[in-house]
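Each chain, letter by letter, is given below.
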Amino acid sequence: MSNVNISKLKEIVGEANVIDSSSEMAKYLKGPGKPAVVVLPGKTSEVSSIVKLANEQNVKLAVGGAVVNTQGITGGIAMVMSRMNQIVEMDKLNLVAIVEPGLLHKDFILKVAETGLNFPPEPYEVETSSVGGCFSIGDSDSKSFEYGPTRTFLLGFEMVLPTGEILEIGNKCIKNVSGLDFIHFAVGSQGTFGIFTKLLVKLLPQPEAKKAVIGTFASLHKANATFNTLIKRNVHPTRMNLINASFAKIAKPGTEGQLVIIDLQGFKESGKNIANEVASVLTLAGGFDVKIIEDAVEYDEVINGWLKVRAELNAKPERTVEFVVGPMKMPQALAQLEALTGDLGAYPGIIVEGLLGYVGLALPEGTEKLALATKVNKLAMSLGGNVKGLLGHKLKAEVYNDAEMWKQTTSLLNELRQQFDPKGILSPGVSLEA
Amino acid sequence: MLSQTVVKRLKEIVGEKNVVTDKVGLLTYGYDGTLLSGEALGVVSPTTTDQVVEIVKLMNEHDIKLVPRGAGTNESGGTIPSQEAIVISFTKMTKIHEIDTENFVAVVEPGVINFDLQVELAKQNFYFPPDPSSFKASTIGGNLGECSGGPKCFKYGVTRDYMLGLEVVLPNGKVIQTGGRNFQSEPGYDLTRIIVGSEGILGLVTKVFVRILPIPRAKKTMLALYDKVEDASQTVADIVAAGIIPTTLELMDNLLINTTEDFTHAGLPRDAGAVLIIEVDGYPEDMDEQVKTIGEIASKIAKEFKVAQTAVEVDQIWTSRRSAFGSVARVRPSYGVNDITVPRSNFPKAIGGVLKVAKDFGVTIGVVAHAGDGNLHPLILFDQRNKEETETVHKAEQALCMMALDLEGTISGEHGIGLVKKKYLDKEFTPAAMEAFRKIKRSFDPTNRFNPGKIIDL
């Protein structure tokens, strides 16, 4: 299917915004596939025309913010949204913004902060993630305990459906139960229901104060044990994260050991007291270089270090096992994991999001991911969790010995996708089969 | 009428006493919080997921439709058997399977009453944030079906934000699990989210994994009294602009102040134009400053501002608010309640809009509002036995919905669409969005057997 009508595309978006020489295309692409052309639309009507063209010619189309993942696309269209990068409206009174999908996530956070507001979701990849991508992936992150997962921040959108039709939904109300909840259902659908062309995003006031407490530990398990202590003391920070020694070098160069980062966003008065409490807990548990960070620049450095490590994992899903257990079960989870894998220090890296009971384990090259994930899932299920996402769901059904449930779930997912995209045009690299 | 064969099979599935087919019994299940009613072919109350599966399969064999029901307190007509259907009542699935405070999860059956869960949680110093005003009677399954709101949404969000996972019986009788015990378990699409608020048209929920939180260490409840409703809405805007996120910003107008006073004798001044209930929670050391800031903001306009000093005072304030809907019955026998919502900045205009509708149609409207959310509950008081008056009320309700849409709001902030607002749905949504709803419904329930006629028609 390489019969993309390039001249038609040029008519739609203008010559300069259609790229078909493979050397020039490269900077917009990642992954194994080879699309025939990269196209950069500048407005919704252009996106719609391109999708209609793809339908007419039965050509597949993959979308990205700054970079398109070419998985599953050969000879089709790669659509880059980076020209649609404007903040259409910043509404301080209603704490919302209307933003185009191609705006970089990091730039959006900056712009929002400039107006004294806060957009909590973490960027998936620090440099290249876009706001559209953020909601397309629709993940939770280490701040979700306090702020809720990414979907919480979407109030509406404009979307070009897989047929080229334009759909608008939502409003600036923070409470809205009208109709079926397609607004939140679309979050995390990875471009299979349509292409976001505008996003109506919920914002929050900036926290009055931001502080972090960091500490270094010789032992991963001892570092992790401090999280249980904090939860038992009814301390629920904004982030409660652990980065193992090898990843810690990326997060904070010069670190020798496992790095604990406790992020405290909120009010001045309580923040002071909690920071002191946290620092004592870390010190008593054997942490060294325990430090309360109040300086804004230093605080940002610490958080950016965390985001860098997170992005490192996000970049290689095929070489990462991610699972969740009950937050208080984490000490058992890490001990049992180590019994499965041998010394975790030998792995490329591991992170823990303590409040969410999340573990991300980077695998050495050549590891059989599925075999390990199957074992890890059993472990996680015995501790009130599971392997993350679609894969986890499949493995869970296997543990229940309930092939029927898995079959039923995938047939429902596929039916939904088919209803929206009858020709199977959009996001060919996204699989709903795990 | 159900055939003898079907009745016999239903009794075999759930037991004799859990099937209702007599006229009086059916009538009692034909109502909800609205003025609508219907009559079911039968009412069946399963006690396990397996029984729900058996019932769904039996109904499929006989081509009979199903209407799910919890306590029937909803304000949308969502549980009315408006077409030939059996009612499947979840009020006997009331087990709290598990409360795991260490891991912030509770696992419950859909028939558990919100209040009963709160009581169990409170023993361990935890709570489940969504608490619609009906929480003493309404079930978790019902809250989920309508995606209920309540007074705490400004800070804590609505029901959908506390649903981690579900066990669902699909229209084909198959059982699936969506989500799990954490944020990261969805299988590809966020099936939990599409089922929350779907009023039972996509699946029957038989088990719910909810997120629970520790009760905040400190809480302050404040009361501000105003001459005019407009003044109260100014305070709301100013508090938000100051970067404070209260848990609650509840407003009642003069009419409601008086009707609740008749009922509760809480001591609210009957000549006040409006009262604002403000609550903040969090760490004790942050309370004083927030209360001070709010006090300064409110006192600029309010004629009186006070901070509740004792738990009894807090209770009194909340008793007034929670009895608001019921209290109007002393004035007129019927009321029509609405839940239109507008962007916060349009809240003063919406108050003006309500007053205009009252004047234009010559009806009495009292206003209760979750003001911080821009969510209004205009209560139109009337007598349902007076046909002409009832007609006028329907027209006024429509005018309220259109007013909210003109102010870039929604026709439903927390009650749901059901039957009552279905006729206005295409005023809020474009044909493409309406079709998206149908695509979703078709994927789950191609033969339109689950709660047919609610929200959308296929």
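Residues numbered from 1 in each chain as written. Chains lettered and ligands numbered in written order. Predicted model: local features only at pLDDT ≥ 70, side-chain atom pairs only at ≥ 80, totals over all residues. Heavy atoms only, no water.

Engineer: What am I meant to see in the overall build of chain A here?
Structural biologist: When helices and strands are counted, chain A shows 15 helices and 21 strands. Taking 434 residues into account, the globule formula puts the C-alpha radius of gyration at 22 Å, and chain A, at 22 Å, falls close to it. Here chain A holds 434 residues, and the buried ones make up 59% of them. Partitioning the contacts of chain A with sequence separation of at least 6, the portion at a separation of at least 24 is 68%. As displayed, chain A offers around 16,000 Å² of accessible surface, 51% of which is attributable to carbon and sulfur atoms. Placing the 43 positive and 46 negative side-chain charges of chain A at their respective mean positions leaves the two points 2 Å apart. (Helix = DSSP H or I, 4+ residues; strand = E, 2+ residues; numbered from the N terminus. Rg over C-alpha atoms; globule rule 2.2 N^0.38 Å. Buried < 20%, exposed > 50% of the residue type's maximum accessible area, 1.4 Å probe, protein only. Contact = heavy atoms within 4.5 Å. Areas by Shrake-Rupley, 256 points an atom, 1.4 Å probe, with all protein chains shown as cover. Lys, Arg positive; Asp, Glu negative; His and termini not counted. Charge placed at Lys NZ, Arg CZ, Asp CG, Glu CD.)

Engineer: In this structure, what is going on with the interface of chain B and chain A? I would like to understand it.
Structural biologist: The parts lose accessible area when they come together, and the size of an interface is often stated as this lost area. At the junction of the two partners, chain B supplies 82 residues and chain A supplies 75 residues. When chain B packs against chain A, the two sides together hide about 6,800 Å² of surface, and 60% of this comes from carbon and sulfur. On the chain B side of the interface with chain A, the three residues burying the most area are B:Phe183, B:Gln184 and B:Tyr189, jointly 13% of the side's total. Seen at the junction of chain B and chain A, the total is five salt bridges. Joining chain B to chain A, the criterion identifies 23 residue pairs in polar contact (both at pLDDT 80 or more). Residue assignment for the side of chain B that touches chain A shows that the elements contributing at least two residues are helix H6 (153–156), strand E9 (175–179), helix H7 (191–195), strand E11 (213–214), helix H10 (284–299), helix H15 (425–428) and helix H16 (431–444) of chain B. Broken down by element, the side of chain B that touches chain A gets its largest block of residues, nine residues, from H16(B). Of the residues assigned to the side of chain B that touches chain A, the class counts are 32 nonpolar, 29 polar and 21 charged. (Buried area = accessible area lost by both parts, 1.4 Å probe. Salt bridge = Lys/Arg side-chain N within 4 Å of Asp/Glu carboxyl O. Polar contact = N/O pair within 3.5 Å; in protein donor to acceptor, adjacent residues only side chain to side chain. Nonpolar A, V, L, I, M, F, W, Y, C, P; charged D, E, K, R; others polar.)

Engineer: Hey, could you run me through the pairing of strand E16 (residues 258–266) of chain A in this one?
Structural biologist: Here is the key point about a regular strand: its side chains alternate between the two faces of the sheet. All names here are of chain A. Of all nine residues making up E16, eight are buried, and the element is well covered by its neighbours. For strand E15 (residues 239–243) and E16, the ladder comprises five bridges, and the chain directions are antiparallel. Residue Arg239 lies in a different strand from E16, and its bridge partner there is Asp263. (Pairing = 2+ DSSP bridges.)

Engineer: Honestly, the packing of aromatic side chains in this entry has me stumped. Any pointers?
Structural biologist: Two aromatic rings, taken as a pair, are described by how far apart their centres are and by the angle between their planes. Residue and element names in this part refer to chain B. Counted under the stated rule, the structure contains 18 aromatic pairs over all chains. Consider the rings of Phe115 and Phe135, whose centres lie 5.7 Å apart with planes at 75°: the pair is edge-to-face. Residue Phe115 is located in helix H4 (residues 114–122), and its partner Phe135 is located in the loop between strand E7 (126–127) and helix H5 (140–146); the two are separated by 20 residues in the primary sequence. Under the relative-accessibility criterion, Phe135 is labelled buried at 11%. (Phe/Tyr/Trp six-rings, centres within 6.5 Å; stacked < 30°, edge-to-face > 60°.)

Engineer: Explain the side chain of B:Glu414 to me, please; I cannot follow it from the model alone.
Structural biologist: Along the polypeptide, B:Glu414 turns up in the loop between helix H14 (387–406) and H15. Once you skip the residues sitting within four places of it in the chain, B:Glu414 turns out to touch A:Lys175, A:Val177, B:Glu146, B:Cys147, B:Ser148, B:Gly149, B:Gly150, B:Asp339, B:His370, B:Asn375 and B:His377.

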